[in-house]
Amino acid sequence: MERSTIVRVHEGLHARPATRFVRLAKSFESDVEIVKEGKAVSAKSSVKLMLLSVKENQEVTVRANGADAAEAVEALIGYLENPRSGLDEEDGAETAPAVEAAAPGKATIAAVSPDADDGRLHGIAASEGAAIGPAFAHFPKEIEQQPRTLAAEEIAREIERLGTAVTTVRARMAKALADASLAESDRAIVAALMDIAGDEALIGHAEGLVRKGIDAVSAVIGATEATAAEFSAVEDVYLAARTDDINAVGRQIALALLGEEEADLSSIPSGAVLIADDIGAWDLARAPLKRIGGIVCGKGGATSHIAIIARSHGIPAVLGLGERVREVAAAKEIAIDGARGWVSADPDDATRSEIVRLAEDAEKERAALAAFKDTVPRRADGTVIEVAANLGSLEEIDPAREAGAMGVGLFRTELLFMRHTHLPSEDLQAETYGTLARAFAPYPVIIRTLDIGGDKPVAGIEFPEEENPFLGWRGIRMCLDRPDIFKTQLKALLRVAVHGNVKVMLPMVSEIAEVERTKALIEECAAELAAAGTPFARFELGVMIETPAAVLIAPELARHVAFFSIGTNDLTQYIMAADRLHPAVARLNDVTNPAVMTAIGMTAKAAVEAGIMVGMCGEAAGRADLIPQFIKMGLTELSMSPSSIQRAKKAIAEL
Ligand code: PEP
Ligand code: MG
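All values reported here derive from a predicted model rather than from experimental measurement.

K.L.:
Which residues make up the coordination of the magnesium ion (ligand 2), and what are the values?
P.N.:
Reference geometry at the metal: tetrahedral coordination by four donors gives ideal angles of 109.5 degrees; octahedral coordination by six donors gives 90 or 180 degrees. Looking at the metal site, the magnesium ion (ligand 2) is ligated by Glu546 (OE) and Asp570 (OD), spaced 2.1 to 2.2 Å from it. Here the residue glutamate 546 occupies a position in the loop between β17 (540-545) and α19 (548-552), and aspartate 570 occupies one in helix α21 (residues 568-576), the gap between them amounting to 24 residues. Aspartate 570 carries the same exposure label as glutamate 546, and that label is buried.

K.L.:
Now, about the environment of lysine 650: what can you tell me, with residues and values included?
P.N.:
Counting through the fold element by element, lysine 650 comes out in helix α24 (residues 645-653). Between the C-alpha atom of lysine 650 and that of lysine 373, which follows or precedes it by 277 residues, the distance is 9.1 Å. Sequence-distant contacts of lysine 650, that is, excluding residues within four places in its chain, are made with Leu369 and Phe372.

K.L.:
Tell me about helix α7 (residues 216-233), and please be specific about residues and values.
P.N.:
Between its first and last C-alpha atoms α7 spans 25 Å; for 18 residues at 1.5 Å apiece the expected length is 26 Å, and the two agree. Residues Ala216, Val217, Ser218, Ala219, Val220, Ile221, Ala223, Thr224, Thr227, Ala228 and Phe231 constitute the buried set of α7. Near the N-terminus of α7, the side chain that reaches the backbone nitrogen of valine 217, with its oxygen 3.3 Å away, is that of aspartate 215.

K.L.:
Summarise the sheet that holds strand β4 (residues 59-65); cite the residues concerned and give the values.
P.N.:
An order of β1-β4-β2-β3 is seen for the four strands of this open sheet, with the pairing classed as antiparallel. The two strands at the open ends of the sheet, each matched to only one other strand, are β1 (2-6) and β3 (39-42). Neighbour to neighbour, the strand axes of the sheet diverge by 25° on average, direction disregarded. Strand direction decides the pairing type here: strand β2 (residues 31-36) and β4, joined by five bridges, are antiparallel. Of the residues in β4, the one forming a bridge with valine 32 is alanine 64. On the sheet, helix α3 (residues 69-81) packs against β1, β2 and β4 and is oriented at approximately 5° with respect to β1.

Criteria and cut-off values
Residues numbered from 1 in each chain as written. Chains lettered and ligands numbered in written order. Predicted model: local features only at pLDDT ≥ 70, side-chain atom pairs only at ≥ 80, totals over all residues. Heavy atoms only, no water. Donors = N, O, S within 2.8 Å, 3.2 Å for Na, K, Ca; no water. Helix = DSSP H or I, 4+ residues; strand = E, 2+ residues; numbered from the N terminus. Buried < 20%, exposed > 50% of the residue type's maximum accessible area, 1.4 Å probe, protein only. Contact = heavy atoms within 4.5 Å. Expected span 1.5 Å × (residues − 1). Polar contact = N/O pair within 3.5 Å; in protein donor to acceptor, adjacent residues only side chain to side chain. Pairing = 2+ DSSP bridges. Axes fitted to C-alpha atoms, helices over the stretch in contact; angles between N-to-C directions.

Remember, this is a structural readout, not a statement about activity or role.
Here it is as structure tokens:
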């Protein structure tokens, strides 16, 4: 029994739709295959299905053989033709493949700063704070493979052992899923890994190798390597990134066969300093962040995922130590100064007292700063300076409000896209932005449209290989070329604008035409919403000033938008032509360089003269030492990490 059709699943059958298709296929007893361009794979394996790389508008055939073949073909064809039928579009993430909730910047260039001759290791100061605590080394060990040829009579028992190991790993994952404290985004990661651990393509391959007489550990490693290689060979950034998931699962099954368990972070003692080469999505998903006293990593830069998480949870972190991280791995105790970026293994008494003093000072400063939480800072002429928060997810709302944020000056929407295994729908986006708007009303909430490029995979967007992703197809450039994605976001934003406190800004703008074309799309979206009878309202549209081009055309640009927000992170790297993630050029990446300060001054002047609001949302906005200059230039809004808010309010109050 077979039937052909044209696939109408938006963005094709990868990631989430693949898992849903497989779930549907598995509900039938019959053997079911899907065929594309002569290649047939089992419709019950999401691994195989993703590798088939079925795209929207391609022709496929569904073939079934068994008692319920006709029903299976009908249901699966029905899904391909109309994916919304029968299955709920937003039905939770329980079987979706993982997308690493990565940071806005790529990381992992090892630090090259030399160690001073003080017995301390110096790395990237990624999250301030000082701590001393027991060392907790987390270096997943190499699997000791002892390849063995099985005797014929051993094979059945080895297959059974393999089955037990798979069950053990899946049970462990199911237990993690049952934990109510697991965050939704992490749940998707764990669920995806569990799905892969039960996938017939991976496990079936391993079983086949055992049948050929290969021991189970070697068979799992062989099957994992082969499957991972297939994924990385596909010309699709998103699929290539799934190799990490496959490797993580294969590793756990191999360890279970050896009677071992991955040293996971759940046993980290309270106050311990975590030492690792890197911390992956799977580990971060389960890490008890409240118990972690500090983080020391070989990889990671100041804008890496670990750095952002550490900062938002107030955990001191020194990253980018490279191989030298191994030098402190055997220590019993670690002292860490995240503000100055050094680490000391088994510190002597002098270092110990220094850290204790730094920690006490920090505590005293925290207590003193708390008095500024509700301060509404003003300029000498009475103008209120808005001290707002930079956020990337809804989980950060509470810390921002507790810090006294006067709204949100930058909501980075890309994390919403990266966390999901499909492009977030208009409804999902409207719900997210709406929650944010309500949480901070009546203060303004500035939502930035998608700022993503080829350096990070997003399900549903194919990026070309780029020599220089930072100079490439990203931000507003990509959005204008993909009106399907951009209009979905703009419609969600128009819908939440009914709350009255939503503003929108565009990233990476370098031409007036980009603003004009966006405005035309906004008009189209408004007309479509009106025709559908969906309530919406207008929002103020602003731009980020983060390219030298935007600075140079600022006087003209100011006539086309309602506000400017200076993105000093990118502006500094583009003015100085120095990669913001490259430790070797970190010295040039300095906002206080006269070239950058001049650019900030030119931007502010253009805005003030045009009578529009000018703010800042780059990291420099939180620098108490620079705030007086920014205010003098005419900035009336500063948006920063919540941990800097009270210090910034104090700096303004004391002007
Ligand atoms: C910036 O470039 O300063 C900015 C705030 O944007 P992001 O760090 O997200 O690139
Ligand atoms: Mg930027």
